[in-house]
Amino acid sequence: MNRVIAVYQKELLVYFRSPIAYFVVAVFLVGTGYFFTYNMFLSGSASMDETFRNMGILILTLLPLVSMRLFSGEYSGRTMELLMTLPLKTWEIVLGKFLGAVTILLLMTAGTFIDLVPLYLFGNPQTTTIIAGYIGFILLGMACLAVGQFFSALTQNQIVAALIAVPVLLSFWFIGHLQNFQVSHTLRGLFAYLSFALHYANFVQGLIRSEAVMFYLIVSAIALTLNAGYLQWRR
Amino acid sequence: MTRINTLPRADAGTSKQVRSSTALEGPLLGAFLLPTNLMNSPTPAIALESVSKRFGSKTIVHDMTFSVEKGEIVGFLGPNGAGKTTTMRMIAGFTTASSGRVTVAGFDMATRNEEAARRLGYMPEHPPVYDTLDVTQYLTFVARVKGVARNEVRAEIDRVATACRLESVLRREIYKLSKGYRQRVGLAQALLGKPEVLLLDEPTAGLDPGQIQETREVIRSFGEQHAVLLSTHILPEVTLICQRVAIINQGRLLAIDTPASLQRASEQTSRVLLTASAPGDALQTELLSIPGVIAVTTRPVPGIEGMLNAECQTDTREGVEAAIARAVAGRWNLHRLERQQPTLENIFLRYVSQAPAEARAPA
């Protein structure tokens with residue numbers, strides 16, 4: 001575990017010394033602030049529901065910018081040779097990096113807490129619904145990062161890594177809509193199950209369903225396993 | 001001469017015996033359970049057994065076999081694209097061998113990668129540094145991963161920083177460092193954790209003469225107790241710090257031996273130069289009458305009347321230069337006599353210009 005922590009700490013140092021993390025956090029907070037203000041003061045709804053939905057789409061497009069450098073940056077900086085020859089197992093590299101990226105996600109999440117101040121001042125929101133929404137948001141973010149990290153391992157070019165991850169994640173978000181065009185019950189079920197958006201909607205409504213929690217954890221686990229497997233195969 | 005060095009066969013024999021014992025019961029099974037490094041003593045620090053590497057249909061490294069012992073510095077010499085870096089990467093565990101076996105401190109890179117990696121310091125051709133981190137942060141990361149205890153990290157970094165003369169830049173971001181310093185940061189990370197085996201891929205590339213001198217000293221002192229394999233195409237470097245030289249070309253090991261033995265073995269003809277006060281024709285006749293002298297050319301020394309420079313082509317028999325000295329000094333005044341050794345450069349060029357098939361034929 002010490003080695004995972006060492007990789008994690010290195011990732012955080014690298015993140016905080018590059019402008020991308022600051023840029024992504026800033027864009028996310030400005031975007032969330034805009035949606036929150038719009039929903040709260042212009043639409044007059046004193047809840048986080050709509051804001052959570054907007055935040056979901058927003059991180060789908062922003063988190064690939066966080067995950068894109070995780071491996072592409074190591075390839076292009078020629079540091080992969082170091083990582084792969086140090087006494088590190090591939091899963092330790094993958095996990096340490098993932099935890100580093102998740103920390104950025106948690107910082108982004110913490111930044112949105114400022115929106116709760118006017119919410120509690122002017123409205124009477126349901127705390128449990130908000131907590132469920134945040135849990136869903138973090139789980140969704142973790143799945144996005146894991147998928148983005150896997151694509152980052154496939155290419156030396158960070159931009160390419162992000163450009164592949166964004167449409168893939170958006171497809172997972174919108175795949176739920178396909179069930180409207182299906183007569184086959186199995187396919188309808190499959191599209192609904194694969195949809196990032198439909199599982200997320202549960203959390204936004206205040207429901208923490210174990211199926212939805214497991215879905216995001218399984219997606220993350222599959223992406224991280226593929227990532228570690230790919231690195232091992234690449235030797 | 002030894003064209004292709006073979007491994008100490010006892011080692012290979014034992015490992016074969018061990019492998020075949022898997023189906024047996026009794027005492028042999030006990031031997032199977034012992035780590036290889038306890039069974040064979042002394043275990044070579046690095047051992048390659050018939051190692052090949054193929055990328056698709058292209059073979060980069062052909063059937064390479066050699067070993068490096070503890071306390072030995074071996075120079076890996078070859079032109080660009082000879083397979084030096086690929087071989088280094090296989091020993092370091094960055095890529096796996098397509099066939100054959102690589103062991104580091106007795107641990108098979110294919111199956112015991114992590115144990116091997118713990119005993120290995122590797123400096124790739126391009127220093128693997130994180131530009132945005134400062135030197136201390138970078139070295140701390142590597143030290144922690146290498147298992148240096150938290151309270152010893154500081155002292156360990158100070159040790160390698162002193163050895164690599166990095167004290168003045170420890171707090172500087174790596175992207176601000178000159179090429180020479182980056183190179184030394186790369187060397188410093190390899191030295192962290194006092195590894196048993198050090199792999200250095202062109203460690204002095206891009207350094208100024210002073211830095212090259214310092215880096216060689218670091219490697220030399222490290223090599224006294226550890227095994228070092230360093231690749232280079234700077235030939236004098238090899239003669240200065242390496243006990244043995246491995247010459248490779250087109251992915252094949254052409255020769256591995258001490259620089260002196262390589263020099264001796266490649267002397268098919270050598271040259272003796274002399275300066276004497278003598279008449280040209282008489283000197284030439286006298287020299288050609290000496291057994292072993294094949295050809296003689298003479299030239300007058302500019303500005304000095306009656307003095308000649310002579311160059312003799314001789315075969316490699318012992319004492320030919322002494323015979324020349326006796327013959328000339330007995331009749332005239334001999335001012336200078338010198339035997340020219342073939343340089344490592346010539347030997348290297350001779351090897352790499354040979355066709356692979358010819359080079360592999362036993363000498």
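Right above here is the structure, for reference.
Below or above, wherever it landed, is the structure these notes cover. (Residues numbered from 1 in each chain as written. Chains lettered and ligands numbered in written order. Predicted model: local features only at pLDDT ≥ 70, side-chain atom pairs only at ≥ 80, totals over all residues. Heavy atoms only, no water.)

1. Overview of the overall build of chain B
- On a plain count of helices and strands, chain B comes out with 15 helices and 14 strands.
- Scored against the burial criterion, the 363 residues of chain B give a buried share of 50%.
- For chain B, the accessible surface area stands at approximately 16400 Å², while carbon and sulfur atoms represent 51% of it. (Helix = DSSP H or I, 4+ residues; strand = E, 2+ residues; numbered from the N terminus. Buried < 20%, exposed > 50% of the residue type's maximum accessible area, 1.4 Å probe, protein only. Areas by Shrake-Rupley, 256 points an atom, 1.4 Å probe, with all protein chains shown as cover.)

2. Notes on the pattern of salt bridges
Residue and element names in this part refer to chain B.
- Considering all chains together, one arrives at 29 salt bridges over all chains under this definition.
- Measuring nitrogen to oxygen at the nearest pair gives 3.7 Å for the salt bridge that ties Glu 156 to Lys 194. Of the two residues, Glu 156 is situated in helix H7 (residues 153-163) and Lys 194 in the loop between helix H8 (179-191) and strand E7 (197-201); the sequence distance between them amounts to 38 residues.
- Judged by its relative accessible area of 8%, Glu 156 falls in the buried class.
- Here Lys 194 falls in the exposed class, since its relative accessible area comes to 51%. (Salt bridge = Lys/Arg side-chain N within 4 Å of Asp/Glu carboxyl O.)

3. So, a nonpolar patch on the surface
All names here are of chain A.
- Together, Tyr 34, Tyr 38, Phe 41, Leu 42, Val 117, Leu 121 and Phe 122 give the surface a local cluster of nonpolar side chains, amounting to about 840 Å² of exposed area.
- Those elements that provide at least two residues to the nonpolar patch are helix H2 (19-42) and helix H7 (116-122).
- Position of Leu 42 among the secondary structure elements: in helix H2. (Patch = residues over 30% accessible without salt bridge, like charges linked within 9 Å, V, L, I, M, F, W, Y side chains within 5 Å.)

4. Some words on the interface of chain B and chain A
- In this assembly, 29 residues from chain B lie in contact with 25 residues from chain A.
- Across the chain B-chain A interface, the total number found is 4 salt bridges.
- In this assembly, chain B and chain A are joined by 12 residue pairs in polar contact (both at pLDDT 80 or more).
- Contributing elements (two or more residues each) for the side of chain B that touches chain A: helix H4 (84-92), helix H5 (113-118) and helix H6 (135-145) of chain B.
- Looking at side-chain class alone, the side of chain B that touches chain A contains 13 nonpolar, 8 polar and 8 charged residues. (Contact = heavy atoms within 4.5 Å. Polar contact = N/O pair within 3.5 Å; in protein donor to acceptor, adjacent residues only side chain to side chain. Nonpolar A, V, L, I, M, F, W, Y, C, P; charged D, E, K, R; others polar.)

5. With respect to the packing of H2 of chain A against helix H3 (residues 49-67) of chain A
Residues and elements named next belong to chain A.
- As a packed pair, H2 and H3 sit with axes 10 Å apart at the nearest point and diverge in direction by 165°. By the criterion of interaxial angle, the relationship of H2 to H3 is roughly antiparallel. In the crossing of H2 with H3, the sense of the turn from one axis to the other is right-handed. In this structure, H2 uses Ile 20, Phe 23, Val 24, Val 27, Phe 28, Gly 31, Thr 32, Phe 35, Phe 36 and Asn 39 to contact H3, whose residues at the interface are Glu 50, Thr 51, Asn 54, Met 55, Leu 58, Ile 59, Leu 62, Leu 65 and Val 66.
- Across the contact of H2 with H3, the residue classes break down as 13 nonpolar, 5 polar and 1 charged. (Axes fitted to C-alpha atoms, helices over the stretch in contact; angles between N-to-C directions. Parallel < 35°, antiparallel > 145°, perpendicular 65-115°, else oblique. Left-handed = near helix turned anticlockwise from the far one by under 90°.)

6. What to know about the sheet that holds E7 of chain B
Residue and element names in this part refer to chain B.
- Spatially, the 6 strands line up as an open sheet ordered E6-E7-E8-E3-E9-E10, and their pairing is mixed. Every other strand in the sheet has two partners, leaving strand E6 (120-123) and strand E10 (252-257) as the edge strands with one partner each. Between one strand axis and the next, the sheet turns through 15° on average, direction left out of account.
- Where strand E3 (residues 73-77) and strand E9 (residues 244-249) come together, 4 bridges link them in parallel fashion. Across the sheet, the residue bridging to Val 74 is Arg 244, located in E9.
- The strands touched by H8 within the sheet are E6 and E7, with E6 carrying the most contacts at an inclination of about 170°.
- Contacting E3, E7 and strand E8 (227-232), helix H9 (residues 209-223) crosses the sheet at an angle of about 150° to E8. (Pairing = 2+ DSSP bridges.)

7. What about the side chain of Arg 184 of chain B?
- Within the secondary structure, Arg 184 of chain B is located in helix H8.
- Those residues in contact with Arg 184 of chain B that sit more than four places away from it in its chain are Cys 164, Arg 165, Leu 166, Gln 211 and Glu 214 of chain B.

8. Focus: unusual backbone geometry
Residue and element names in this part refer to chain B.
- Positive phi, close to 40°, is recorded for Asp 63, a residue that is not glycine.
- Inspection of the secondary structure puts Asp 63 in strand E2 (residues 58-68).
- If you check the backbone angles, Ala 105 has positive phi at about 50° while not being a glycine.
- Position of Ala 105 among the secondary structure elements: in the loop between strand E4 (99-104) and strand E5 (107-108).
- Judged by relative accessible area, which is 8%, Ala 105 ranks as buried.

9. With respect to the packing of aromatic side chains
- Within the structure shown, the criterion is met by 19 aromatic pairs over all chains.
- Aromatic pair Phe 66 of chain B and Phe 76 of chain B: ring centres 5.6 Å apart, planes at 45°, arrangement tilted. Note that Phe 66 of chain B is positioned in strand E2 and Phe 76 of chain B in strand E3, a separation of 10 residues in sequence. Per residue, the accessibility class of Phe 66 of chain B equals that of Phe 76 of chain B, and both read buried.
- One cation-aromatic arrangement involves Arg 69 of chain A over Tyr 15 of chain A; the distance from NZ or CZ to the ring centre is 4.6 Å.
- Across the ring face of Tyr 181 of chain B, the terminal group of Arg 184 of chain B is positioned such that the distance to the ring centre comes to 4.6 Å. (Phe/Tyr/Trp six-rings, centres within 6.5 Å; stacked < 30°, edge-to-face > 60°. Lys NZ or Arg CZ within 6 Å of the ring centre and 35° of its normal.)

10. A few points about the sheet that holds strand E11 (residues 270-277) of chain B
All names here are of chain B.
- Ordered in space as E12-E13-E11-E14, the 4 strands form an open sheet in which the pairing is antiparallel. Every other strand in the sheet has two partners, leaving strand E12 (293-300) and strand E14 (333-340) as the edge strands with one partner each. Strand-to-strand twist of the sheet, defined as the mean angle between neighbouring strand axes without regard to direction, takes the value 20°.
- Where E11 meets strand E13 (residues 307-314), 8 bridges bridge the pair, whose relative direction is antiparallel. Counterpart to Ser 277 in the pairing with E13 is Met 307.
- Contacting E11, E12 and E13, helix H12 (residues 280-288) crosses the sheet at an angle of about 160° to E12.
- Its contacts with the sheet place helix H13 (residues 320-331) against E11, E12, E13 and E14, and it is angled at close to 165° to E14.

11. With respect to the nonpolar core
- Core analysis: the largest hydrophobic core is formed by 119 residues, its most contacted members being Phe 196 of chain A together with Phe 141 of chain B.
- It is helix H8 (residues 127-154) of chain A that contributes the most residues to this core, 14 residues altogether.
- Not counting chain neighbours up to four residues away, the residues in contact with Phe 196 of chain A comprise Leu 60, Leu 140, Ala 143, Cys 144, Leu 169, Phe 172, Trp 173, Phe 215, Tyr 216 and Val 219 of chain A.
- Of all hydrophobic cores here, the second largest spans 31 residues; its members include Ala 45, Met 90, Val 104 and Ala 227 of chain B. (Core = buried A, V, L, I, M, F, W, Y, C linked by side-chain atoms within 4.5 Å.)

12. Thoughts on the environment of Phe 172 of chain A
- Counting through the fold element by element, Phe 172 of chain A comes out in helix H9 (residues 158-174).
- Leaving out residues up to four positions away in the same chain, Phe 172 of chain A has contacts with Leu 194, Ser 195, Phe 196 and Ala 197 of chain A.

13. Focus: the environment of Val 68 of chain B
All names here are of chain B.
- Topologically, Val 68 is positioned in strand E2.
- Counting along the chain gives 161 residues from Val 68 to Leu 229, while the straight-line C-alpha distance between them is 7.4 Å.
- Excluding its chain neighbours within four sequence positions, the residues that come into contact with Val 68 are Pro 44, Ala 45, Ile 46, Val 74, Ala 227, Val 228, Leu 229 and Arg 244.

Interpretation in functional terms is not warranted from these geometric data alone.
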